[in-house]
Amino acid sequence: MAPRPVASRTFSYFTAPEIAFIDAAVSRLIPADELGPGAKEAGVTFFIDRQLAGSFGRAETWYMQGPWKEGTPEQGYQLKLTPAQLYRVGIQGIDDYCQRTFDKKTFAELGAGDQDKVLQGLEKGEIELAGAPAKEFFAILWQNTNEGFFADPIYGGNHDFAGWKLIGFPGPRYNYVNEIEQYGKPYTQPTVGLMGRNASTRRG
Amino acid sequence: MATKLKSVDVVLVGFGWTASILAKELTDAGLQVLAIERGKFRDTVPDFATTHIQDELRYAARGGLFEDLARETLTFRNSLDQEALPMRHLGSFNPASGVGGAGIHWNGQTWRFLPTDFTIRSHTEARYGKNFIPVDMTIQDWGVTYDDLEPYYDKFEYLCGISGQAGNVQGKIQTGGNPFEGPRARGYPLPPLKRSYATVLFDKAAKDVGLKSFPCAAANTSQPYKNPYGVQMGQCTYCGFCEWFACGNYSKSSPQTTILPALLPKDNFSYRTLCDVTRVNLDSTGKRATGVTYVDVQGREFEQPAELVILCAFAQHNAHLLLLSGIGEPYNPKTNEGVTGRNYAYQITSSVDVFLDEDVNPFMGAGALGQAIDEFNGDNFDHGPLGFIGGGYIALWTTGGRPILQQHGAPEGTPKWGGGWKKSMHENYLKSVSVATHGSVMSYRDSYLDLDPTYRDVYGNPLLRLTFDFHDNEYKMSKFETDKAALIAKAMKPRSVKVNYREGHYSILPYETTHNTGGAAMGSDPKTSVVNRYLQSWDVSNVFVMGSSVFPQNHGYNPTGTVGALAYWAADAIKTKYLKNPGPLVQA
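Residues numbered from 1 in each chain as written. Chains lettered and ligands numbered in written order. Predicted model: local features only at pLDDT ≥ 70, side-chain atom pairs only at ≥ 80, totals over all residues. Heavy atoms only, no water.

Draft legend 1. Just the packing of aromatic side chains, in detail. Residue and element names in this part refer to chain B. Tallying each qualifying case throughout the model produces 61 aromatic pairs over all chains. An angle of 75° between the planes, with centres 5.3 Å apart, marks the rings of tryptophan 17 and phenylalanine 156 as edge-to-face. Taken together, the residues tryptophan 17 in helix α1 (residues 17-28) and phenylalanine 156 in helix α6 (residues 146-160) connect sequence positions 139 residues apart. Among the aromatic side chains, those forming a connected cluster through ring pairs are Trp111, Phe113, Phe118, Trp142, Phe214, Tyr393, Trp397, Phe551 and Tyr557. Directly above the ring of tyrosine 188 sits arginine 184, whose terminal nitrogen or CZ lies 4.2 Å from the centroid. Above the ring of phenylalanine 241, the side-chain terminus of arginine 402 is found at 6.0 Å from the ring centroid. (Phe/Tyr/Trp six-rings, centres within 6.5 Å; stacked < 30°, edge-to-face > 60°. Helix = DSSP H or I, 4+ residues; strand = E, 2+ residues; numbered from the N terminus. Lys NZ or Arg CZ within 6 Å of the ring centre and 35° of its normal.)

Given below as C-alpha cells:
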C-alpha cells in the first residue's frame, strides 16, 4: 500500500522527438524565471512519461467502449484515443504543423515567441491537427503539466519541491492543531514529501 | 446458470453508509444480514495510513478511492433532443467503490434540511399561490416531516460525533448557531472545530453586512469521542486532506470509524466484496422479491435468496437497479407517467474568489471547517418579489490548500499559463480563499434517469442514462445567492474579488458536487413516488431503497445528514412495523 517512488530517470514511453517537444512545451507553460525553476527543471517531462506508461496513459479506469461520437462540450471527452495515444498523435500533428508553417522547424526548434503562439492556437482550437483535436490535446497537456509541477516528488516531478516552494505549500503534514489558531503567523517548517524531507533527491 | 445460495433474512446491495446503518440496526434486532459490495474491503489500517494517504495525485487527481468507470458508467445529455454519450471519466461527481463507499472520502459537511423543505409544495402553494410553481417543476412533499425525522437526525449526529453549535434547541434560539434551523431536542455531541483564520474573517464580514454567521456542523471530530455503539474516534488534526481522501486519524466519520468495529464481529452479519449485484429477482407475481443475482470477481453468477432486499448503493445506482429489475413503472418524460427514474436533481453552486492581503495558510483545514450564513436558504426569505423557488447556504470553507486541485482561482485578467500565471500562483496561494454558494435544485419533467438504448456495461446491461440541465429557476436563484456571496466577500476587505456566476449548461465536467439525488422518489402518492414514507417500494413490499435516491428534489444543503436520518427512520420502521407484519406499511 505504501508509495513506491520512481527509481531512475529512464523514459518508458516518449521517443526522443517527443521528449524534445514536451521539454519545450512545458518550458513555456511554466517557465523558469527569477521566482524559481520551471516545469522542465522540475522534471515534468519525466512525470508525464511515467503517467503515460502507466494506468492513466492506458485509460484503465475510463469507459472506452464505442460507439464514439462527437458530443457537446458538456458531454466531455469522447475520443477513442487513450491519453498515451492522444499525446503520440498530437505531438506528431503539432510538429507537422510547425514544419509546414515555420520553415521546416519542429516545435522544439522555434523561438519562445512562436512557441507561445502555437500553444495559444492549440488552446483555442484554432490549429487543425491531423488525428486529434487541438483543444483536447492542449487541455490534457496543461492538466498533466500542472500535476507534474505540484504532485509529490515520488512521481518524478516537483523536483526539489520546486512547485511547492513557489507557492508556500509545506507538503503533506498531518498536524496543525496548534498552528491553525495562530492567525497571521507564517508556517516556517521545512517542506516535506511523502518520503520525507529529502524526498526528491533520494535515490532508489 | 446462476448458483443458488442459502437464503438470508436481509440482503443489502452495497456496503457504504446506509448499508452499515441498516446492518447494525437489523442485526441488533436479531436478523441475519448479508451485505454485497462491488468494490474491495478497506479499513483505516492498513489502507489509510497517515504516512501515505495525503497523496493528491493518487487520490484526488487519479481518483484512487472512486468508481472504476471501465466497468460501468452512465450516459449523459442535457436535453431530450440530444443523444446521451458516456461519461468516459469522472468529472462532475465522484462516487466511490469499496466498503465504506463515499462515506470514506466525503468532506463531512453535515446538515439537516429545513422543516419547510419537507413540505415544499404545500408550503410554497400556501405562501405564494399555486401559480408560483412553474408547470414543469415536479417538486413534491416528502411524505415525512422534519418533526418525524428529528430523533433520527439526532441519532445520526451522535453516531458520527458531529462537531457543531446548535441554533435552535426545543424552540429556543441559541447564540452562535444557525437561527434558521429546525428545532432539535439537544445540542451536538461535540463543540465546533477550531476556527481557521479565513473563517474568522468571514464571520466578521458577515456581521458587518448584517448577516448571522455560524460554524458549520462537521463530521470531523473536534475532540476524542466514543459513540453510542462504543466505537472510539480520535481528534481532527486539521491536515487539510479530507475530501477525496480517507482519514488515517480516526477523526472523520465514516462507516469504518463509527460502525464497522461494532458490526463486523457480529455472528449474524456477513459481507461479500468484489461482487456486482445485477438484478433484484422477483417472483412470478412481480410483487415480491426473492433475492438478488450477483456476479463475483471470477465472473461466476450467483442467486442470493433473501426475505428482505434493501438497496443501499450510491444514489443513481439504486434507480439503475430498479430499472433493470423492473420495479416500478419506468418514468416517461413525454407522457409524465411512471415513477422509476423521475425527479433527478443535483446542486447548483457558484463562488467568489477572494484575494486577501495577508497569509491565511489555506493548507491547514478540515473537510467541514467552515463558517456559513443561512438567511437565503429554503423559504427563510420572501421569494415573492424574487420570482424563484429555493435557495442555499453561503459559506467560506477552509478544507485545505492542496496544490494541484485547490488553487482557488486567480485574479481577473491572470493568464492561464506561462510566467504571468506562475507569478500569480506565487503571490496568491497563501492569500486566497473562496466564498461558495450551495443552492437547491428543484425537480422537473425533463430531469430524469432511464436506461440507455446504446451503451452497455461489462455485463451487457444497458447503462443508466441521465438527462439533466439547470433551469431558469435555478440560474435566477444562483445569481441572487452569488450576489450575496460577493457582498460578504467584499466586506472582507480583500485586494480583489473574482465573482464566478453559474452560467451555461450543466456539464459532466468539471467537478461540482457528488450530490446526485432522486430516481426513486419518496412520497405519499404512488403515482409520483417509487417508495412510500418508510422508503418501502410501493410495488414490491419487501424491497426498501436508501440514500439520496429517495429525495423528491434536492434542497440547499449537503445530503448526507438527511441520508443518515432516513436510514435510521427506515430501520426503525422495519424493526417496529414491518417485521411484525410484513407487507405494505402504507395503503396505496
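Draft legend 2. Expanded view of the interface of chain A and chain B. Taken residue by residue, the interface counts 70 residues in chain A and 73 residues in chain B. Where chain A meets chain B, there are 4 salt bridges. With a shortest N-O distance of 2.7 Å, arginine 62 of chain B and glutamate 147 of chain A are connected by a salt bridge. On the surface where chain A and chain B come into contact, there are 30 residue pairs in polar contact (both at pLDDT 80 or more). Residue assignment for the side of chain A that touches chain B shows that the elements contributing at least two residues are α1 (16-29), α2 (44-53), α4 (112-124), α5 (134-150) and α6 (162-167) of chain A. Considering every element that reaches the side of chain A that touches chain B, the biggest residue donor is α5 of chain A, with 7 residues. When its residues are assigned to classes, the side of chain A that touches chain B shows 39 nonpolar, 18 polar and 13 charged. (Contact = heavy atoms within 4.5 Å. Salt bridge = Lys/Arg side-chain N within 4 Å of Asp/Glu carboxyl O. Polar contact = N/O pair within 3.5 Å; in protein donor to acceptor, adjacent residues only side chain to side chain. Nonpolar A, V, L, I, M, F, W, Y, C, P; charged D, E, K, R; others polar.)

Draft legend 3. Looking closely at the sheet that holds strand β16 (residues 370-373) of chain B. Residue and element names in this part refer to chain B. Ordered in space as β8-β16-β17-β18-β15-β21, the 6 strands form an open sheet in which the pairing is antiparallel. What marks the edges here is a single partner per strand, and that holds for β8 (214-215) and β21 (496-500). Bridging between β16 and strand β17 (residues 392-397) involves 4 bridges; their strand directions are antiparallel. In the sheet register, glutamine 371 faces β17, and the bridge partner there is leucine 396. Along the sheet, helix α7 (residues 197-208) makes contact with β16, β17 and β18 (432-439), crossing β16 at roughly 15°. (Pairing = 2+ DSSP bridges. Axes fitted to C-alpha atoms, helices over the stretch in contact; angles between N-to-C directions.)

Draft legend 4. How the structure looks around unusual backbone geometry. Here the bond from glycine 66 of chain A into proline 67 of chain A is cis, since omega is 0°, no more than 30 degrees from zero. As for its position among the elements, proline 67 of chain A is in the loop between α2 and α3 (83-101). The peptide bond linking leucine 509 of chain B to proline 510 of chain B adopts the cis configuration, its omega dihedral lying at 5°. Relative to the helices and strands, proline 510 of chain B is located in the loop between β21 and β22 (543-545). Phi at asparagine 343 of chain B is positive, roughly 60°, even though this residue is not glycine. Assignment of secondary structure puts asparagine 343 of chain B in the loop between α10 (315-325) and β15 (348-355). Its relative accessible area of 1% is what places asparagine 343 of chain B among the buried residues. The backbone of lysine 493 of chain B sits at a positive phi, close to 55°, despite the residue not being glycine. (Buried < 20%, exposed > 50% of the residue type's maximum accessible area, 1.4 Å probe, protein only.)

Draft legend 5. Structural detail: the side chain of asparagine 461 of chain B. Assignment of secondary structure puts asparagine 461 of chain B in the loop between β19 (448-456) and β20 (462-467). If we ignore the near neighbours within four places in the chain, the residues touching asparagine 461 of chain B are Thr278, Arg279, Leu324, Tyr455 and Arg456 of chain B.

Draft legend 6. Quick peek at the environment of tyrosine 393 of chain B. Residues and elements named next belong to chain B. Here tyrosine 393 is to be found in strand β17. Of the residues examined, tyrosine 393 reaches a relative accessible area of 1% and is grouped as buried. Other than its neighbours up to four places away in sequence, tyrosine 393 contacts Gln109, Trp111, Ala372, Ile373, Asp374, Asn377, Ala436, Thr437, His438, Gly556, Tyr557 and Asn558. Of note is the side chain of tyrosine 393, whose polar atom sits 2.6 Å from the side chain of asparagine 558.

Draft legend 7. Representation of the pairing of β18 of chain B within the structure. All names here are of chain B. Taking burial as the measure, the 8 residues of β18 include 7 buried ones, the bulk of the element. Two strands pair when backbone bridges link them, and β15 and β18 are joined in this way by 8 bridges, in the antiparallel orientation. Residue pairing for β18: aspartate 353 is matched across the bridge by serine 434. Pairing of β17 with β18, which is carried by 5 bridges, proceeds in the antiparallel orientation. Its bridge partner being in β18, glycine 392 is matched across the sheet by glycine 439.

Draft legend 8. Representation of the sheet that holds strand β5 (residues 85-86) of chain B within the structure. All names here are of chain B. Judged by pairing direction, the sheet is mixed, and its 4 strands sit side by side in the order β5-β4-β20-β19 without closing on themselves. Edge strands, defined here as strands with exactly one partner in the open sheet, are β5 and β19. With 2 bridges joining them, strand β4 (residues 74-77) and β5 adopt antiparallel strand pairing. Looking at β5, one finds that threonine 75 is bridged to proline 86.

Draft legend 9. Structural detail: the packing of α2 of chain A against α5 of chain A. All names here are of chain A. It is at 9 Å that the axes of α2 and α5 come closest, and there the two elements cross at 115°. By the angle between their axes, α2 is roughly perpendicular relative to α5. Two packed elements cross with a definite hand, and for α2 against α5 that hand is right-handed. Contacts between α2 and α5 involve Val44, Phe47 and Ile48 from the former and Leu141, Asn144, Thr145, Glu147, Gly148 and Phe149 from the latter. A per-class count over the contact of α2 with α5 returns 5 nonpolar, 3 polar and 1 charged. (Parallel < 35°, antiparallel > 145°, perpendicular 65-115°, else oblique. Left-handed = near helix turned anticlockwise from the far one by under 90°.)

Draft legend 10. Structural view of the confidence of the model for chain B. Confidence in the prediction of chain B, expressed as mean pLDDT, is 97, and 100% of residues score 70 or more. Predicted as a complex, the structure gets a pTM of 0.97 and an ipTM equal to 0.96. (pLDDT = per-residue confidence, 0-100.)

Draft legend 11. View of the environment of arginine 28 of chain A. As for its position among the elements, arginine 28 of chain A is in helix α1. You can call arginine 28 of chain A partly exposed: its relative accessible area is 22%. Placed 91 residues apart in sequence, arginine 28 of chain A and leucine 119 of chain A show a C-alpha to C-alpha distance of 8.6 Å. If near-sequence neighbours (up to four positions away) are discounted, arginine 28 of chain A is found in contact with Ala112, Gln115, Asp116 and Leu119 of chain A together with Trp417 and Gly418 of chain B.

Draft legend 12. Local environment of the side chain of histidine 438 of chain B. Residues and elements named next belong to chain B. Within the secondary structure, histidine 438 is located in strand β18. Residue classification places histidine 438 among the buried positions, given a relative accessible area of 6%. Among the polar contacts made by the side chain of histidine 438, one reaches the side chain of histidine 515 at a distance of 3.3 Å. Here histidine 438 is in contact with Gln347, Ile348, Thr349, Gly391, Gly392, Tyr393, His515, Gly556, Tyr557 and Asn558, once residues within four sequence places are set aside.

Draft legend 13. Representation of the pattern of salt bridges. Applying the stated criterion to the full structure yields 37 salt bridges over all chains. Close ionic contact of lysine 69 of chain A with glutamate 83 of chain B constitutes a salt bridge, the shortest N to O distance being 3.0 Å. Note that lysine 69 of chain A is positioned in the loop between α2 and α3 and glutamate 83 of chain B in the loop between β4 and β5, a pairing that runs across two chains. According to the relative accessible area criterion, lysine 69 of chain A is partly exposed, its value standing at 34%.

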